[in-house]
Amino acid sequence: MNKERLIPLIVAAALFMENMDATVIATSLPAIAADIGTSPLTLKLAITSYLLSLAVFIPASGWTADRFGARTVFSAAIAVFMVGSIGCALSQSITDFVAARILQGLGGAMMTPVGRLVLLRSIDKSALVGAMAWMTVPALIGPVIGPPLGGFITTYFSWHWIFLINIPIGFAGIFFAQRYIDPIRSENPERFDLYGLVLAGIGLAGVAFGLSVAGLGLLPWQVVVALITIGTISMTLYVLHARRTASPVLDFSLLRLTTLRASMTGGFLFRLGIGALPFLLPLLMQIGFGLSPFHSGLVTFASSAGAMGMKPLAARIIRTFGFRRIMTINALVSSVFLAACALFTPATPLLLIMIILLVGGFFRSLQFTAINTVAYAEVETAQMSRATTLVSVGQQLAISAGVAIGAFAVESTMAWHGTTTLSADDFAPAFVVVAVLSALSAFFFWRMPDDAGSEISGRKAIEISSRKGAAGAADKTATEETQTARDQRL
């Protein structure tokens, strides 16, 4: 297997482990709570503590990778995540379980951005689209396959195996990382910004944690507002601090790059909707339609099947039409399929639901691949670690905000209907709201230049200008014309 396929799969295996655990635990909360002697509501601290740990430690990932080497930090992050997984399986109390989840969050905070950094530093930009397509698989599959797998393991085996299955995956990831990933590190690591890390950590933790619990009823609304306010103030102080330091942990000056700015702003809006989908859809299937967690997961797995179907085609589609056109149109198409979930009723045939989810997953996968790849089109090698950290923080905030908006929309609909019992009718407005937010991302993608990301998509800027009547069409070779014709047929 060539490097362009092998390294993304190594990184994807680790990220799959992280994304799986982030969602699989939700299905098994009642069984875990009964076993360690606490209530499911209290045990939700395990989910929020994990998100809190992610938010605090992600800003340090870029500097750590530059200082100790991306391969070393990536392997160490997998090992820390494995130790946290073992701690979860051996927990005898709520304190033990929350502590183990925080340790998992530390490993996860390093795995995601550093894994992406390994990919960016190991793969040539011309092959980056295809490589990124394979790396985005776990982000799409994990939230969908997690609930049915968690329900199956908890029902037929024991909840402990939810965490223990990470051990062989982790060992395999460390072995292949050490064997096939080059030991790349920065020759001149920058000075560590400890003060900036504290401000950014408090800010991100307050905002991400506050958004994650908003609408879930875990904390009083006054506490949620206080968390978000403190986080916002801390992030404001950090922005002021970052302007005065030469090596900030979160480098917002990178937003001057057109493609990175479009990827983060448009990607944030797009992820709001997609982040809410794994939260809303299982609830609709289980509470609204009365399906079991296992059968609900089998239905929603169609979305992952569609995502997998896109992977072999993503690079060629982007090369044919370019990032700007694909990301603009596909944002609208994906939003339409997201809004279509509002039409689901208990009378809707499950086969039709699965087909809509299948096709929607196909287009969402293409959009994720494009967003995750074009972000680094203009980033220089020396700035890669800062860029991956910044992008990872944006993704984390978007997913947290998506869940909060989805939950708030459902609760608002219940209040409008004057009911306290959740039903299938309460979900439709939520799907429409998050779909509209996702559709707004098309505006930011449309503002990118025509040749945005041409150096990584393989689509030459001269081909774009020739379609506008500019000179240079004669410079195309017969091979390029043949390739273009074949891509247009596809």
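As shown above, the structure is provided for reference.
Along each chain, residue indices are assigned from 1 in the same order as the chain's sequence is written. Local features in this predicted model are restricted to residues of pLDDT 70 or higher, and side-chain atom pairs are both shown and tallied only at a pLDDT of 80 or more, whereas totals for entire chains, interfaces and linings draw on every residue. Hydrogens and water molecules were not included; the side-chain quantities draw on all heavy atoms of the structure.

> Which parts of the structure should I look at to understand the packing of helix 15 (residues 323-340) against helix 16 (residues 350-374)?
Each packed pair of helices is defined by two parameters, the angle between the axes and the distance between the axes. Note on geometry: axes are lines fitted to C-alpha atoms, helical ones only across the stretch in contact, with angles between N-to-C directions running from 0 to 180 degrees. Here a helix means four or more residues in a row that DSSP labels H or I, a strand means two or more in a row labelled E, and each is numbered from the N terminus. It is at 9 Å that the axes of helix 15 and helix 16 come closest, and there the two elements cross at 145°. In the packing of helix 15 onto helix 16, the handedness of the crossing is left-handed. Of the residues in helix 16, those in contact with Phe323, Ile326, Met327, Asn330, Ala331, Val333, Ser334, Phe337 and Ala340 of helix 15 are Ile356, Val359, Gly360, Phe363, Arg364, Leu366, Gln367, Ala370, Ile371, Thr373 and Val374. Crossing handedness is defined as follows: a turn of the near helix away from the far one that is anticlockwise and smaller than a right angle gives a left-handed crossing, while the clockwise case is right-handed. Whether two residues are in contact is decided by their heavy atoms: any pair within 4.5 Å suffices.

> In this structure, what is going on with empty space enclosed by the protein? I would like to understand it.
Empty space among the atoms becomes apparent when a probe as large as a water molecule is rolled across them. Two kinds of site are reported from a 1 Å grid over the protein atoms alone, namely cavities, where a 1.4 Å probe fits but cannot get out, and pockets, open sets with protein on both sides within 12 Å along at least five of seven lines, and residues are called lining when an atom falls within 4 Å of a point. Grid points are joined across faces, edges and corners, and a volume is the space filled by probe spheres set on the points. Applying the stated criterion to the full structure yields four cavities of 30 Å³ or more. Of the voids in this model, the second largest cavity is the one considered here, and its volume is about 90 Å³. Ser263, Met264, Gly267, Phe268, Arg271, Ile371, Asn372, Ala375, Val391, Gly394, Gln395 and Ala398 together form the lining of the second largest cavity. For the lining of the second largest cavity, the secondary-structure elements that each account for two or more residues are helix 13 (258-288), helix 16 and helix 17 (384-417). Throughout, the ten residues Ala, Val, Leu, Ile, Met, Phe, Trp, Tyr, Cys and Pro are labelled nonpolar, Asp, Glu, Lys and Arg are labelled charged, and all others, Gly among them, are labelled polar. Here the lining of the second largest cavity is composed, by residue class, of six nonpolar, five polar and one charged.

> Hey, could you run me through the nonpolar core in this one?
Generally speaking, soluble globular proteins have nonpolar side chains that are buried together. Think of a nonpolar core as a cluster: buried Ala, Val, Leu, Ile, Met, Phe, Trp, Tyr and Cys residues, connected wherever their side-chain atoms sit within 4.5 Å. Three exposure classes are used, based on accessible area relative to the maximum for each residue type with a 1.4 Å probe and protein chains only: buried under 20%, partly exposed in between, and exposed over 50%. Membership of the largest hydrophobic core comes to 60 residues, with the highest contact counts inside it found for Phe74, Met111, Tyr238, Leu250 and Tyr376. At eight residues, the largest contribution of residues to this core is made by helix 6 (residues 94-122). Not counting the four nearest positions on each side in its chain, Tyr238 is found in contact with Asp193, Gly196, Leu199, Ala200, Pro248, Val249, Leu250 and Phe252. Leu281, Ala409, Met414 and Val434 belong to the second-largest nonpolar core, a separate cluster that totals 26 residues.

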